[in-house]
Amino acid sequence: MLIAGIVLIAFNLRPAITSLGPLVGMIQKDVGLAHWSAGLLMSLPLVVFAVMSPLVPKIARRLTNERTLLLGLTSLFVGIIIRSIPVTFFLFAGTLLAGLGIAIGNVLLPAVVKDKFPERFGLMTSVYSTSMGLIASLASGISVPMAEGLNFGWKGAQIVWAIPVIVAIAVWVYLLKFSSTKDTNYNKAVAGSSRMWRSPLAWQIAMFMGFQSFLFYVTVSWLPEILHSHGISLGTAGWLLSFTQLVGLPASFFIPVLAARSQSQVGIASLLSLSSILGYSGLLFGDSYPILIISIILIGIALGGIFPLSLSFMGLRTHNARQAAELSGMAQSSGYILAAVGPLFIGYLFDQFSSWTIPLITLIVISFIILMFGMLAGRNRYIE
């Protein structure tokens, strides 16, 4: 049941975000959002991640892991419901609450896995990161068909993703019966430490996570529009976004396992970064459908592998659950500040130049930056 609960948490960490990308055009027309404000809508959860991540371990220490995760799931559920109201205030308020709930799961999962499955950290990271990628790709692919084909509209297509949240809440309410009201070893171990913020290795991991998140959330937000500019319908573009994430699932599963079995992850980080560079270059220079397909396959492999690799670093570069929690909170806080800039900044660039050329060049540069920090974070060292 604990494994099931972890997987269900993972199921709910992406759909509230990835389902928005294919629907952003409908939302803009219905609510009247400019490209920059639509980018802000996509960036808002990341701002919440940045603010909340250092606080989550402290909350878990007071409430226990199970209660904190339930709090996060409840916030996510309320946020999804409120966001379906076609009013700008509720759209942003609901997105904020959803981001708060996701932030809690983002931070606690690596630490809980490190604590409960210390000898199987790589495998369990593979399981929940692959689960996360699977449901995220599904959310991207069926959002437009639900909105248009089933006549749910963008509002109904959003409410659907409250259902798996309810299931996860039910499982964690059950697991709560086995939770001690007193501090567990894990809860005692998550007290914050300012030393983590002074560690060069911790910052390298944070930058690696931040810039990969920049790429992921920009891709989720704007890939359908980029493909649409190449003459692909929005419905097909939504499915191609789903395909992009499905292609990354094998990498999502195998990369943490390979990383755990390797003393150094420099080679893995380098290959994934190269795949990202080639993929976004293909979107920039490609002028045919086959090249676009090859490009999104490369992007899918890169994004599918880099994210779980960054999660793996939480356990591979630390000695215990305490350090894993501290590193997770620190890296996600500082890293998501960078990620939050992504959708907003790329939307702003498009508004300024009325073309995807400059935004795509920016993504290629970011891919090179990921390569640099991946080579630094991938070295066989521990945070002391």
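As the structure is a prediction and not an experimental result, all values here were calculated from the model.

Notes on the overall build of the chain
And step 1. Scanning the chain from terminus to terminus reveals 18 helices and zero strands.
And step 2. Expected size for 384 residues packed as a compact globule is a radius of gyration near 21 Å; at 19 Å, the chain falls within 12% of this value.
And step 3. The principal-axis extent of the C-alpha atoms belonging to the chain is close to 55 × 45 × 30 Å.
And step 4. Residues classed as buried in the chain amount to 61% of the 384 residues present.
And step 5. Residue pairs at least 24 apart in sequence account for 83% of intrachain contacts in the chain once pairs closer than 6 positions are excluded.
And step 6. Put simply, the chain shows about 14400 Å² of open surface, and 69% of that area lies on carbon and sulfur atoms.
And step 7. Mean positive and mean negative side-chain charge positions of the chain (21 and 11 charges, respectively) differ by 12 Å.

What to know about the confidence of the model for the chain
And step 1. Model confidence for the chain is summarised by a mean pLDDT of 84, while 96% of its residues fall at 70 or above.
And step 2. This stretch, residues 182-192, has a pLDDT under 50; its non-local contacts, to residues over four places away or in other chains, come to 22 contacts.

Remarks on helix α17 (residues 321-353)
And step 1. Taking 1.5 Å as the rise per residue, α17 with 33 residues should run 48 Å; its terminal C-alpha atoms sit 47 Å apart, in good agreement.
And step 2. For α17, the principal kink sits at Y336 and spans about 30°.
And step 3. In the stretch just after α17, S354 is the one whose phi turns positive, near 50°.

Concerning the environment of F117
And step 1. Relative to the assigned elements, F117 resides in the loop between α7 (88-116) and α8 (121-149).
And step 2. Residue F117 is classed as buried on the basis of its relative accessible area of 18%.
And step 3. Measuring from C-alpha to C-alpha, the distance between F117 and Q332 comes to 21 Å, with 215 residues separating the pair along the chain.

Some details on the packing of helix α13 (residues 234-247) against helix α16 (residues 289-316)
And step 1. Their axes nearest at 7 Å, the elements α13 and α16 cross at an angle of 45°. Our classification of the angle between α13 and α16 gives oblique. With respect to the hand of their crossing, α13 and α16 are arranged in right-handed fashion. Packed against α13, whose contacting residues are L240, F243, T244 and V247, the element α16 presents Y289, I293, I296, I297, I299, G300 and I301 at the interface.
And step 2. Residues belonging to the contact of α13 with α16 are distributed by class as follows: nine nonpolar, two polar and no charged.

Examining helix α10 (residues 163-175)
And step 1. Taking 1.5 Å per residue, 13 residues should reach 18 Å; α10 reaches 19 Å between its end C-alpha atoms and fits that length.
And step 2. All buried positions along α10 are accounted for by P164, V165, A168, V171, W172 and L175. Along α10, the residues classed as buried sweep out an arc of 125° about the axis, all on the same side.

Conventions and cut-offs
Residues numbered from 1 in each chain as written. Predicted model: local features only at pLDDT ≥ 70, side-chain atom pairs only at ≥ 80, totals over all residues. Heavy atoms only, no water. Helix = DSSP H or I, 4+ residues; strand = E, 2+ residues; numbered from the N terminus. Rg over C-alpha atoms; globule rule 2.2 N^0.38 Å. Buried < 20%, exposed > 50% of the residue type's maximum accessible area, 1.4 Å probe, protein only. Contact = heavy atoms within 4.5 Å. Areas by Shrake-Rupley, 256 points an atom, 1.4 Å probe, with all protein chains shown as cover. Lys, Arg positive; Asp, Glu negative; His and termini not counted. Charge placed at Lys NZ, Arg CZ, Asp CG, Glu CD. pLDDT = per-residue confidence, 0-100. Expected span 1.5 Å × (residues − 1). Bend = angle between axes of the 7 residues up to and from the residue. Axes fitted to C-alpha atoms, helices over the stretch in contact; angles between N-to-C directions. Parallel < 35°, antiparallel > 145°, perpendicular 65-115°, else oblique. Left-handed = near helix turned anticlockwise from the far one by under 90°. Nonpolar A, V, L, I, M, F, W, Y, C, P; charged D, E, K, R; others polar. Arc of directions from axis to C-beta.

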